[in-house]
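These are the residues of each chain, in order.
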Amino acid sequence: MSADLQDLRQRLTESLARAGEFQKDWQRSAFERVARHAFAPDTVWVWDEASSAWGSVARAEEPGRWAELVYAAGSLVTQVDDGRTPPGKPGREPTSSISSPGAVLNMLAALDPQLGDRVLEVGTGSGYNAALLCERVGDRFVTTVEIDPALLRTATSRLREAGYRPHVVLGDGEEGWPSSAPFDRLISTASVRHVPAAWLEQVRPGGVIVTPWFPNAHGRGLIWLRMGEDGTARGRVVGGETFMPVRGQRPAPLDVAEVWAATHERAERVVIVPDLGDVDPHGEFALSVRLPGVGCYRQGQGQGQDPHGGWFFVSEDGASWAQLTGGAGAYRHGPRDLLAEVADAVAWWRDHGRPRLHDFGVTVTKEGQEVWPRAR
Ligand SMILES: C[S@@+](CC[C@H](N)C(=O)[O-])C[C@H]1O[C@@H](n2cnc3c(N)ncnc32)[C@H](O)[C@@H]1O
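Residues numbered from 1 in each chain as written. Predicted model: local features only at pLDDT ≥ 70, side-chain atom pairs only at ≥ 80, totals over all residues. Heavy atoms only, no water.

Description of the pairing of strand β6 (residues 142-146)
Within β6, five of the five residues are buried, which leaves the element mostly enclosed by the surrounding structure. The alternating pattern of β6 places Val142, Thr144 and Glu146 on one face and Thr143 and Val145 on the opposite face, and all of these are buried. You can see the chain leave strand β5 (residues 119-122), run along helix α5 (residues 128-137) and come back into β6, and the turn it takes is right-handed. Handedness of the crossover joining β6 and strand β7 (residues 167-170) through helix α6 (residues 149-161): right-handed. (Buried < 20%, exposed > 50% of the residue type's maximum accessible area, 1.4 Å probe, protein only. Helix = DSSP H or I, 4+ residues; strand = E, 2+ residues; numbered from the N terminus. Right-handed = clockwise from strand over helix to strand, strands pointing away.)

Concerning the site of the ligand
Near the ligand lie 22 residues; those nearest to it are Ser96, Ser126, Glu146, Asp172 and Gly173. Between the ligand and Gly123, the relevant distance is 2.9 Å, taken from a nitrogen atom to a main-chain nitrogen or oxygen of the residue. Here Asp172 contributes a side-chain N or O atom positioned 2.8 Å from a nitrogen atom of the ligand. Look at the ligand: alone it shows 610 Å² of surface, and the protein chains cover 98% of it. Broken down by secondary-structure element, the contributors of at least two residues to the shell around the ligand are β4 (94-98), α5 and β6. In terms of residue class, the shell around the ligand is built from seven nonpolar, eleven polar and four charged. (Near = heavy atom within 4 Å. Polar contact = N/O pair within 3.5 Å; in protein donor to acceptor, adjacent residues only side chain to side chain. Areas by Shrake-Rupley, 256 points an atom, 1.4 Å probe, with all protein chains shown as cover. Nonpolar A, V, L, I, M, F, W, Y, C, P; charged D, E, K, R; others polar.)

So, unusual backbone geometry
In this structure, the amide linkage connecting Ala181 to the following residue, Pro182, adopts the cis form with an omega of 5°. Along the polypeptide, Pro182 turns up in the loop between β7 and β8 (183-188). Despite not being glycine, Asp81 has its phi angle at roughly 50°, a positive value. For Asp81, the location among the structural elements is in the loop between β3 (76-80) and β4.

Quick notes on the pattern of salt bridges
Using the criterion set out here, one finds 21 salt bridges in the structure. In this structure, Glu316 engages Arg193 in a salt bridge whose closest nitrogen and oxygen atoms are separated by 3.0 Å. Here Glu316, found in the loop between β14 (310-315) and β15 (321-324), pairs with Arg193, found in the loop between β8 and α7 (197-202); they are 123 residues apart in sequence, far enough to count as distant. Look at Glu316 and you get partly exposed, because its relative accessible area is 39%. Three or more residues are tied together by salt bridges with common partners; here these are Asp82, Arg84, Asp148, Arg247 and Arg250. (Salt bridge = Lys/Arg side-chain N within 4 Å of Asp/Glu carboxyl O.)

Observations concerning the environment of Glu14
Following the sequence through the fold, Glu14 ends up in helix α1 (residues 3-18). A relative accessible area of 34% places Glu14 in the partly exposed class. Separated by 45 residues in the primary sequence, Glu14 and Arg59 place their C-alpha atoms 24 Å from one another.

A look at the side chain of Gln79
Inspection of the secondary structure puts Gln79 in strand β3. Judged by its relative accessible area of 7%, Gln79 is buried. Here the side chain of Gln79 touches Asp148 through a polar contact of 3.0 Å, side chain to side chain. Once residues lying within four places of it in the same chain are set aside, the contact partners of Gln79 are Trp45, Glu93, Pro94, Thr95, Ser96, Asp148 and Leu151. (Contact = heavy atoms within 4.5 Å.)

A few points about the nonpolar core
Residues Phe39, Trp66, Leu108, Leu111, Tyr128 and Val210 are the most contacted members of the largest nonpolar core, which totals 49 residues. The contact partners of Leu108, leaving out residues within four places of it in the chain, are Trp26, Gln27, Pro113, Asn129, Leu132, Leu133 and Ile187. (Core = buried A, V, L, I, M, F, W, Y, C linked by side-chain atoms within 4.5 Å.)

Comments concerning the packing of aromatic side chains
Across all of its chains, the model carries eight aromatic pairs by this definition. A ring pair is formed by Phe22 and Phe31, whose centres lie 5.5 Å apart and whose planes are at 65°; its orientation type is edge-to-face. Neither Phe22 nor Phe31 differs from the other in exposure class; each is buried. With centroids separated by 5.3 Å and ring planes inclined at 70°, the aromatic side chains of Phe285 and Phe360 adopt a geometry described as edge-to-face. With a gap of 75 residues between them, Phe285 in helix α9 (residues 281-290) and Phe360 in strand β17 (residues 360-364) connect regions that are remote in the sequence. Following the ring pairs from residue to residue traces out a cluster consisting of Trp213, Phe285, Trp348 and Phe360. (Phe/Tyr/Trp six-rings, centres within 6.5 Å; stacked < 30°, edge-to-face > 60°.)

In structure tokens form, the structure reads like this:
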């Protein structure tokens, strides 16, 4: 390993330790044994503000920059556009990444796998997280499923080169992996809007499911569930992570600026405007719970004369939207009165004592799921 990589790796470990990110005893040693750079592909992707696109960084051409990206505190994008965009061309959508070290550790702490637990990971990606799982529970207890054949091939060889032999399989993780079930733990590293019924069937009673959850195109949340004997999973929100969605649940792309440009001249101006002054990120989460499928975008926070920044809510079909511009009032457009819906959702959040993200409970059955504020 080059001195640079060694140095960056050590610095990242120390800063995570200082920040208290190693929540479980085993996490630091596993993190130290599994080298992130052994799983990072030779081409990674970074957001380029100037071109408003993802640009590639090749290890061979920029080894120093590549190494810094691999050992940065954020997530590392390892694939864009399902692999259709080649290096050197602008990428539109990240489709695989090694999650930020903080998110990886937080999810593993929530999962809390024990030695010998049978674990299913959905979203092998680079294989990095699967290696951490192998360190904790033992290779033969880990099954990891990836939907993208090219990613799967690379991950399989990287895992072997690093000395790990989990069961790496190609498939749609929304269906779990029945032939290795039942599992004691299931961790998804791609987010879901609806927890798949197959997961409830394949995790044993008493077992744990940890998955990022997105109520709308912009929403976020990490949920922890324990399977009950009755086939119902119950748990709570344990974090605010944002992850890319599983392929089968990707929201249809919506160009919000285009929706506004095409319709704002026909929008209705509203004089009595809901007050969102106290809506912090916890309130935003509550709004997404109450308004599933309605994207919430905040603009210009703290800028100019608008102390609360502007808000834009849009239904995922793009047909209805509401805009609150602070001093300038509000506008709405389309068949749904999203301003009224937002006002109701904010009132609900206040009536419940402004619950924080961690105050929400989650119940999932095969028929559906509910996210609700728990009593504090
Ligand atoms: C955030 S990345 C995973 C990171 C990975 N655990 C790692 O350590 O590199 C999410 C991954 O989920 C995969 N994915 C998306 N939908 C899936 C599905 N239905 N089944 C299995 N994998 C899926 C994506 O191809 C992507 O590689």
